[in-house]
There are 2 protein chains.
Amino acid sequence: MARQKKFTTQELFQMTKALLLEHGYEGFSISTLAEKLNVSRGTIYKYFENKEDLITEYMLYEMNKYLEELKEIHQFATFDEQLDFLLDVMFRNQELQKLIEMGRDIPVQDNEKAKLNHEKLEAKHLDLYNNLLSVVRLGQKQGKVRERIPEPLVLGFIFQSIVIPNHFGVPYEEWVKSIKDVIRHGMFKRLN
Amino acid sequence: MARQKKFTTQELFQMTKALLLEHGYEGFSISTLAEKLNVSRGTIYKYFENKEDLITEYMLYEMNKYLEELKEIHQFATFDEQLDFLLDVMFRNQELQKLIEMGRDIPVQDNEKAKLNHEKLEAKHLDLYNNLLSVVRLGQKQGKVRERIPEPLVLGFIFQSIVIPNHFGVPYEEWVKSIKDVIRHGMFKRLN
DNA sequence: AGTTAAAGTGACACAAACGTCACTTTATAT
DNA sequence: ATATAAAGTGACGTTTGTGTCACTTTAACT
């Protein structure tokens, strides 16, 4: 009964991601998105009310995928394994980290649907946060993580480490290994 | 011989900074800046050719102040003192960190003057980078910093730690102290 | 008081993005 | 083959921002 679509939801979201990373939230335009998809602007407006709607919708999509992936963490019993798994997933989704920070300060407009999406997104954030928190607490319980460090800082540290820009092109494996190491043991030598 | 200015360069740059942080590079507009300064757009164009010119000019101004402040580091002889001083300066200029990252990917346009400013900025970055690198190397020489960690990562770690968002409002003193601590010794307990 | 020149203005022509909607295209179900 | 409805189009009016420039304002020097 219907005509063939010129793009899949996947393609649309992927392009959205690329444009968001390249131009930031305010620099993102539906015009450019339509152009990149070889489609007229009107087409996009068939599916989304406006930019805010589109982007919150996209963010939800990403968050869901991300949380899905993170769920697997419960397969691991020890903190060490969990942390390792966590860092791997986060490295694999590095760009997402930037998008999440970005999504945090999208101005909330008039739009009804977008307001709803914002709340849903906030819930997902909380979900993510609690997931990670449970890892940290396990670490403390298993006597691995120092208890003096404020929990939000532990999480913040992990989040930020992931997105350190590798401007000098250190080989990926070495880069990841070193970061995991510094997160655990810091930059200083042990004094004996 | 001349009329009174309605704003100082300082005020202009301060407003520029605020708007950049709020809206990002692409979201920044000369219209808004003029409005915030209670001045017509034409006035801004008396001093700057366009947005790119203005922003690179502003970045240079910030970088110069920053580097000036960092110079004092040579008053300290030991790595420990230098690192402490470094982190304090960086904390005091936290927002600048975000601006620097932002400045890194401003698209270079046609504009002649802006191109020049870009090169100057690049030079300042290098200057900053080398300053920090000398601290790290001192640390390695004085047997404090582990030598296995790639140098760019050490720097990246410091840069990123500074800007961890304190979403949960941990008191400033504790926050800073903890970060300095984690940078040095990591999140893990020492195993004995 | 009159002259000067820096400082500021606001209107103009242009470009980019917005959101809407009557209309066209086309795969499929009958 | 033809009716259907989802998919896509493109023109229209609006808003926001751009860069320019002839003009006005005003502090200070003579």
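Residues numbered from 1 in each chain as written. Chains lettered and ligands numbered in written order. Predicted model: local features only at pLDDT ≥ 70, side-chain atom pairs only at ≥ 80, totals over all residues. Heavy atoms only, no water.

Caption draft 1: Layout of the protein's contact with DNA strand C. As a matter of local geometry, DNA strand C sits amid 22 residues, with Arg41(A), Tyr45(A), Lys6(B), Ser40(B) and Lys46(B) nearest to it. Close to the protein, within 4 Å, the atoms of DNA strand C are drawn from sugar and phosphate at a rate of 63%. Interatomic distance of 2.6 Å between a side-chain N/O atom of Tyr45(A) and a phosphate oxygen of DNA strand C. Here Arg3(B) contributes a side-chain N or O atom positioned 3.1 Å from a base nitrogen of DNA strand C. For the surface near DNA strand C, the elements supplying multiple residues, two or more each, are α2 (30-36) and α3 (41-47) of chain A together with α3 (41-47) of chain B. Sorting elements by how many residues they give to the surface near DNA strand C places α3(B) first, with 4 residues. Among the residues making up the surface near DNA strand C, the classes are represented as 8 nonpolar, 8 polar and 6 charged. (Near = heavy atom within 4 Å. Polar contact = N/O pair within 3.5 Å; in protein donor to acceptor, adjacent residues only side chain to side chain. Helix = DSSP H or I, 4+ residues; strand = E, 2+ residues; numbered from the N terminus. Nonpolar A, V, L, I, M, F, W, Y, C, P; charged D, E, K, R; others polar.)

Caption draft 2: Structural context of the side chain of Ser178(B). Tracing the chain through its elements places Ser178(B) in helix α9 (residues 172-185). Every residue in contact with Ser178(B), bar those within four places of it in the chain, is listed here: Pro150(A) and Leu153(A). (Contact = heavy atoms within 4.5 Å.)

Caption draft 3: Representation of the pattern of salt bridges. Enumeration over the complete set of coordinates arrives at 26 salt bridges over all chains. Here Arg146(B) makes a salt bridge to Asp181(A), at a shortest N to O gap of 2.4 Å. On the criterion of chain membership, the pair formed by Arg146(B) in the loop between α7 (112-141) and α8 (151-162) and Asp181(A) in helix α9 (residues 172-185) is interchain, its members lying in two chains. Residue Arg146(B) is classed as buried on the basis of its relative accessible area of 16%. Within the structure, one salt-bridge network assembled from shared partners comprises Lys17(A), Glu62(A), Lys65(A) and Glu95(A). (Salt bridge = Lys/Arg side-chain N within 4 Å of Asp/Glu carboxyl O. Buried < 20%, exposed > 50% of the residue type's maximum accessible area, 1.4 Å probe, protein only.)

Caption draft 4: Looking closely at empty space enclosed by the protein. Tallying each qualifying case throughout the model produces 1 cavity of 30 Å³ or more. Approximately 40 Å³ is the volume found for the largest cavity. Lining the largest cavity, in full, are Met187(A), Phe79(B), Leu83(B), Leu86(B), Leu132(B), Val135(B), Val136(B), Val145(B), Val154(B) and Ile158(B). Residue composition of the lining of the largest cavity, by class: 10 nonpolar, no polar and no charged. (1 Å grid on protein atoms, 1.4 Å probe; cavity = no way out; pocket = protein on both sides within 12 Å on 5 of 7 lines; lining within 4 Å. Points joined across faces, edges and corners; volume = space filled by probe spheres on them.)

Caption draft 5: Layout of helix α4 (residues 51-71) of chain B. When the terminal C-alpha atoms of α4(B) are compared, their 30 Å separation across 21 residues agrees well with the 30 Å that a helix rising 1.5 Å per residue should span. The opening residue of α4(B), the one whose side-chain oxygen lies 3.2 Å from the backbone nitrogen of Glu52(B), is Asn50(B). (Expected span 1.5 Å × (residues − 1).)

Caption draft 6: Structural view of the UniProt feature "DNA-binding region" (unreviewed entry) in chain A. Under the UniProt annotation, "DNA-binding region" (unreviewed entry) lies at residues 29-48 of chain A. Structurally, residues 29-48 of chain A is divided into 70% helix and 0% strand, and its ends, taken at the C-alpha atoms, are 13 Å apart. (UniProt positions renumbered as here; feature names shortened; annotations may be inferred.)

Caption draft 7: Here's a closer look at unusual backbone geometry. If you check the backbone angles, Asn38(A) has positive phi at about 55° while not being a glycine. Residue Asn38(A) is classed as exposed on the basis of its relative accessible area, which comes to 60%.

Caption draft 8: Layout of the relation of the copies chain A and chain B. Each copy superposes on the other: chain A lies on chain B with an RMSD of 0.0 Å after a rotation of 180° and an axial shift of 0.0 Å. Both copies are brought into coincidence by an operation consistent with a two-fold rotation axis. Measuring from the rotation axis to each C-alpha of chain A, the shortest distance belongs to Gly186(A), at 1.8 Å. The overlap is high: 100% of the interface residues of chain A also sit at the interface in chain B, so the same surface is used on both sides. (Least-squares fit on C-alpha atoms with pLDDT ≥ 70 in both.)

Caption draft 9: Quick look at the environment of Val154(A). Here Val154(A) shows up in helix α8 (residues 151-162). Here Val154(A) falls in the buried class, since its relative accessible area comes to 1%. For the pair formed by Val154(A) and Leu133(A), sequence separation is 21 residues and the distance between their alpha carbons is 9.0 Å. Residues contacting Val154(A), with those up to four places away along its chain left out, are Val136(A), Ile149(A) and Met187(B).

Caption draft 10: Here's a closer look at the interface of chain A and chain B. Listed per partner, the contact involves 47 residues of chain A and 47 residues of chain B. In this assembly, chain A and chain B are joined by 2 salt bridges. In this assembly, chain A and chain B are joined by 14 residue pairs in polar contact (both at pLDDT 80 or more). Elements that contribute at least two residues to the side of chain A that touches chain B include exactly α1 (9-27), α5 (79-92), α6 (94-104), α8 and α9 of chain A. Counting residues per element, the side of chain A that touches chain B draws most heavily on α9(A), at 9 residues. Of the residues belonging to the side of chain A that touches chain B, the class tally is 23 nonpolar, 11 polar and 13 charged.

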